[in-house]
Amino acid sequence: MTAHRAVGYLPIAEHGIVGDMHSAALVGTDGTIDWYCPERFDGPSVFAALLDRKRGGFYRIAPADPLSVAKQLYLPDTNVLITRFLSPQGVSEIQDFMPVDDGSQQLVRRLVGVRGSTRFRLHAEPRFDHGLYEPSVSLEQGGAVFQAPGHALALAAPVELSSTGAGVTAEFELRAGESRTFALQGGEQVAALGEPEAQGLLSETARFWRDWLGQSSYTGRWREMVHRSALTLKMLSYRPSGAIVAAATTSLPEQIGGERNWDYRYAWVRDFAYSIRALSRLGFTAEAAAFNAFRRTLSLAAAPRNSASPLQVMYRIDAAGPLEEHELLHLEGYRGSRPVRVGNGAAGQLQLDIYGELIDSIYISEQLALAGHGELIAYDRWKFLAGLVDWVCAHWQEPDEGIWETRAGTSCFTHSRLMCWVAIDRAIRIATTRGYPADLGRWTPTRDAIFAWIMDRGWNEHRRAFVQAEHSAVLDASLLLMPLVHFIAPTDPRWLSTLDAISAELVTDSLVYRYDPAVSPDGLDGNEGTFSMCSFWYVECLARAGRLEEARLAFEKMLTYANHLGLYSEQIGLSGELLGNFPQAFTHLALISAATNLDRALPQRA
């Protein structure tokens with residue numbers, strides 16, 4: 001039967017996603033679109049039943065038979081989602097997709113009868129601006145128009161619609177060999193989509209994704225999962241600017257009923273920096289160049305006046321405007337998980353690690369350019385970069401909020417110092433290779449001083465491990481990056497001792513917690529699940545340490561925690577359920593990195 005909606009909500013894992021690199025929609029296994037922001041990823045929603053089943057708005061097409069069985073898959077090597085319904089009366093499917101190259105920004109739902117016949121019910125109730133406005137409904141020839149002040153949405157439908165006052169419904173039969181297409185577009189004009197045109201759009205969309213994926217050079221053991229991760233990352237990129245959003249959603253909880261609910265529909269510096277690293281490993285050098293284009297705009301996007309940092313932690317996907325956080329008090333949140341937030345207050349935090357991630361991505365881009373892929377950094381950009389490095393040299397000792405964006409105040413985090421070391425080290429390498437002017441007389445001793453600080457103050461002799469912060473005994477999974485950024489050898493005794501400590505305290509069945517909030521309060525109530533990104537870092541650390549059997553088993557176990565489509569959210573709960581925003585870019589980036597490194601370390605197959 002179709003997936004059960006616990007108190008009106010599908011499990012997060014029971015969703016697929018479609019997108020056009022402007023926006024994205026989540027499609028449940030029951031045929032419901034319960035999250036969709038039509039204009040752009042970080043814009044206001046028209047369907048947000050994922051965050052409030054009564055007020056959010058939804059768009060459902062599903063069999064009338066409640067006992068029909070639903071299965072989802074992607075059209076191979078594409079982001080075209082197929083939801084199949086099986087019942088004693090027949091088999092049918094919905095092909096959901098968003099055309100990429102035609103500029104229409106429309107959401108297309110094409111129904112196809114496969115065997116027998118299926119009676120379908122359609123029910124659409126848009127709610128504009130995150131559920132604030134209930135629209136007026138106007139039935140038109142070939143569809144309906146939904147309007148509220150400043151908002152309009154048109155649904156083209158090849159069946160007769162009935163108005164409910166708050167939306168539209170329809171019921172119709174679909175027999176084997178028949179197809180019907182519904183198209184949702186912004187504006188007041190109903191634009192019918194005939195079947196030949198719909199089939200053409202479907203073919204063009206599938207061809208776009210397949211042509212893009214055809215550039216991949218990955219031929220390793222986990223090709224299907226790696227390619228699904230790559231397709232997901234591409235879909236989460238914002239084509240006009242080259243930015244990549246951290247996730248397609250806001251406020252999906254890290255703990256059901258808790259307050260750890262954040263808006264991830266923005267471009268984090270560390271996310272697109274790691275995107276360059278991950279996608280370049282797969283041969284997608286054009287994507288690395290696109291992310292570089294967005295990165296170059298950051299030199300023009302000034303940080304807020306009250307910021308202590310020349311860069312923000314995150315930006316809007318067009319790098320314009322402030323990122324103020326506020327709560328949508330009229331929404332109950334996913335399964336009662338309040339508050340629902342729009343915007344993100346962490347944008348104004350001081351997070352020193354972003355400089356290391358940014359400059360490391362520039363260093364990787366330089367290596368690609370020297371190999372004939374992309375452009376070398378221009379002199380004016382180098383001057384901006386050198387200014388950032390000078391700033392890091394002056395501020396690396398300051399306490400900050402760190403990679404986990406704690407809301408309990410600042411601390412002298414070891415990971416932040418680690419990435420400051422990376423920032424200066426990579427800048428020195430670029431300057432040396434290119435012969436660019438640089439204050440090496442300042443940079444080199446500062447880099448060495450940071451190294452000494454980490455080895456002295458970031459090391460806890462009693463625990464025989466690197467720890468979260470100065471004067472701390474707390475373990476932190478962010479330190480799994482130490483060998484991955486080449487700060488320390490993966491078989492160094494200090495590192496192996498740290499890896500063993502993390503394995504004993506933060507790891508359960510391959511799943512890794514970021515830290516223990518009970519011993520390291522982060523200013524928020526409640527607990528959280530394991531962090532999937534950290535779990536893939538752990539795999540990579542095991543592989544680099546030569547513990548290949550452990551690494552492979554941990555990786556294979558992690559693959560079992562993906563949903564039926566190979567998608568991950570940010571976290572995994574105690575019973576294996578997906579928690580947090582979905583799908584999360586960083587998790588898929590870490591999967592790609594772990595897979596490629598583990599492939600390289602394992603014996604080559606015959």
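Everything numeric here is computed off the predicted structure, so don't read it as measured data.

Conventions adopted
- Per chain, residue numbering runs from 1 following the sequence as it is written.
- In keeping with the predicted nature of the model, local features appear solely for residues at pLDDT of at least 70, side-chain atom pairs appear and are counted solely at 80 or more, and the whole-chain, interface and lining totals rest on all residues.
- Excluding hydrogens and water, the side-chain values take into account all heavy atoms of the structure.
- Starting at the N terminus, helices and strands are each numbered in turn, a helix being any DSSP run of H or I of at least four residues and a strand any DSSP run of E of at least two.
- The globule rule used for comparison is 2.2 Å times the number of residues to the exponent 0.38, while the radius of gyration itself is calculated over C-alpha atoms.
- Exposed residues in this analysis have more than 50% of their type's maximum accessible area, buried residues have under 20%, and partly exposed residues fall in between, with area computed by a 1.4 Å probe over protein chains only.
- We call two residues contacting when some pair of their heavy atoms lies within 4.5 Å.
- Positive charge is attributed to Lys and Arg, negative charge to Asp and Glu, and no charge count is given to His or to the chain ends.
- Here the site of a charge means NZ on Lys, CZ on Arg, CG on Asp, or CD on Glu.
- Here, a strand pair is defined by DSSP locating no fewer than two bridges between the strands.
- Two aromatic rings, drawn from Phe, Tyr or Trp (for Trp, its six-membered ring), form a pair once their centres lie within 6.5 Å of each other, and the interplanar angle then sorts them: stacked below 30 degrees, edge-to-face above 60, tilted otherwise.
- In this scheme, the term charge over a ring applies when either NZ of a lysine or CZ of an arginine sits within 6 Å of the ring centre and within 35 degrees of the ring normal.
- The definitions used throughout rest on a 1 Å grid laid over the protein atoms alone, on which a cavity is an enclosed set of points accommodating a 1.4 Å probe that cannot get out and a pocket is an open set flanked by protein within 12 Å on both sides along at least five of seven lines; lining residues are those having an atom within 4 Å of a point.
- Grid points are joined across faces, edges and corners, and a volume is the space filled by probe spheres set on the points.
- Classification used: nonpolar for Ala, Val, Leu, Ile, Met, Phe, Trp, Tyr, Cys and Pro, charged for Asp, Glu, Lys and Arg, polar for all others including Gly.
- Note on definitions: angles span 0 to 180 degrees between N-to-C directions of axes, and those axes are lines fitted to C-alpha atoms, for helices only across the stretch in contact.
- By convention the crossing between two helices is left-handed if the near helix lies anticlockwise of the far one by an angle smaller than a right angle, and right-handed if it lies clockwise.
- Each nonpolar core is a collection of buried residues, namely Ala, Val, Leu, Ile, Met, Phe, Trp, Tyr and Cys, held together in the definition by side-chain atoms within 4.5 Å.

Right, let's talk about the overall build of the protein for a bit. Within the protein one finds 14 helices and 27 strands. Expected size for 606 residues packed as a compact globule is a radius of gyration near 25 Å; at 25 Å, the protein falls within 12% of this value. For the protein, the spread of C-alpha atoms along the three principal axes comes to 75 × 50 × 45 Å. With 606 residues in all, the protein has 62% of them scored as buried. A fraction of 67% describes how many contacts in the protein between residues 6 or more apart in sequence connect residues 24 or more apart. Across the protein, the mean location of the 55 positive side-chain charges is 3 Å away from that of the 70 negative side-chain charges.

Moving on: the pairing of strand 6 (residues 81–87). Most of strand 6 is tucked away, with five of its seven residues classed as buried. Sheet analysis places strand 5 (residues 69–74) next to strand 6, joined by six bridges and oriented antiparallel. Its bridge partner being in strand 6, Leu73 is matched across the sheet by Ile82. Taken together, strand 5 and the strand that follows it, strand 6, pair antiparallel across an intervening segment of six residues, in which Asp77 is found at a positive phi of about 65°. Where strand 6 and strand 7 (residues 90–97) come together, seven bridges link them in antiparallel fashion. Note on strand 7: the bridge partner recorded for Arg84 is Glu93.

Let us now look at the pairing of strand 14 (residues 179–186). Across six bridges, the pairing between strand 8 (residues 107–125) and strand 14 is antiparallel. Looking across to strand 14, one finds that Arg109 is bridged to Phe182. Sheet analysis places strand 11 (residues 151–156) next to strand 14, joined by four bridges and oriented antiparallel. Across the sheet, residue Ala156 finds its bridge partner in strand 14, namely Ala183.

Time to look at the packing of aromatic side chains. All told, the structure shown has 22 aromatic pairs when counted by the stated rule. Measuring from ring centre to ring centre gives 5.1 Å for Phe208 and Trp209, while their planes differ by 80°; the resulting arrangement is edge-to-face. Here Phe208 and Trp209 have matching classes, each one buried. Summarising the aromatic geometry, the rings of Phe451 and Phe487 are spaced 4.6 Å apart at their centres and angled 35° between planes, so their arrangement reads as tilted. Note that Phe451 is positioned in helix 9 (residues 440–457) and Phe487 in the loop between helix 10 (481–484) and helix 11 (493–505), a separation of 36 residues in sequence. By relative accessible area, Phe487 is classed as buried at 5%. A network of ring pairs unites the aromatic residues Phe85, Phe120, Phe172 and Phe182 as a single cluster. The ring of Trp459 carries the charged tip of Arg494 above its face, separated from the ring centre by 4.6 Å.

Turning our eyes to something else, we now look at empty space enclosed by the protein. According to the stated counting rule, one finds four cavities of 30 Å³ or more in the structure shown. Taken as a whole, the largest cavity encloses approximately 340 Å³ of empty space. Contributing to the lining of the largest cavity are 24 residues, with Tyr264, Ile403, Glu405, Arg514 and Glu570 lying nearest its centre. Its residues assigned to classes, the lining of the largest cavity comprises 12 nonpolar, three polar and nine charged. Approximately 120 Å³ is the volume found for the second largest cavity. Tyr274, Arg277, Ala278, Arg281, Leu481, Leu484, Trp537, Glu540, Phe586, Leu589, Ala590 and Ser593 together form the lining of the second largest cavity. Those elements that place two or more of their residues in the lining of the second largest cavity are helix 4 (269–281), helix 10, helix 12 (532–544) and helix 14 (585–601). Tallied by class, the residues present in the lining of the second largest cavity amount to eight nonpolar, one polar and three charged.

Attention shifts here to unusual backbone geometry. Following Arg338, the chain continues into Pro339 via a peptide bond in cis, with omega recorded as 0°. Between Phe582 and Pro583 the backbone carries a cis peptide bond, its omega angle lying at -20°. Mapped onto the elements of the fold, Pro583 is located in the loop between strand 27 (578–579) and helix 14. You will see that His471, though not glycine, has its phi angle at about 65°, which is positive. Structurally, His471 can be placed in the loop between strand 22 (465–466) and helix 10.

In a packed pair of helices, the relevant descriptors are the angle between the two axes and the axis-to-axis distance. One can describe the packing of helix 4 onto helix 14 by two numbers: an axis separation of 9 Å at closest approach and a directional angle of 35°. The two elements helix 4 and helix 14 cross, and the hand of that crossing is left-handed. Of the residues in helix 14, those in contact with Arg270, Asp271, Tyr274, Ser275, Ala278 and Arg281 of helix 4 are Ala585, Phe586, Leu589, Ile592, Ser593, Thr596 and Asn597. Taken together, the residues of the contact of helix 4 with helix 14 sort by class into six nonpolar, four polar and three charged.

Glancing now at the nonpolar core. One finds Tyr59, Leu122, Phe182, Leu480, Trp537 and Phe555 to be the most contacted residues of the largest nonpolar core, which totals 196 residues. In terms of residues, this core owes the most to one element, helix 8 (residues 414–434), which gives 11 residues. Those residues in contact with Leu122, other than ones at most four positions away along the chain, are Tyr59, Arg60, Ile61, Leu161, Val168, Thr169, Ala170, Phe172 and Phe182. Listed in part, the nine residues of the second largest apolar core include Phe97, Val108, Ala183 and Ala198.

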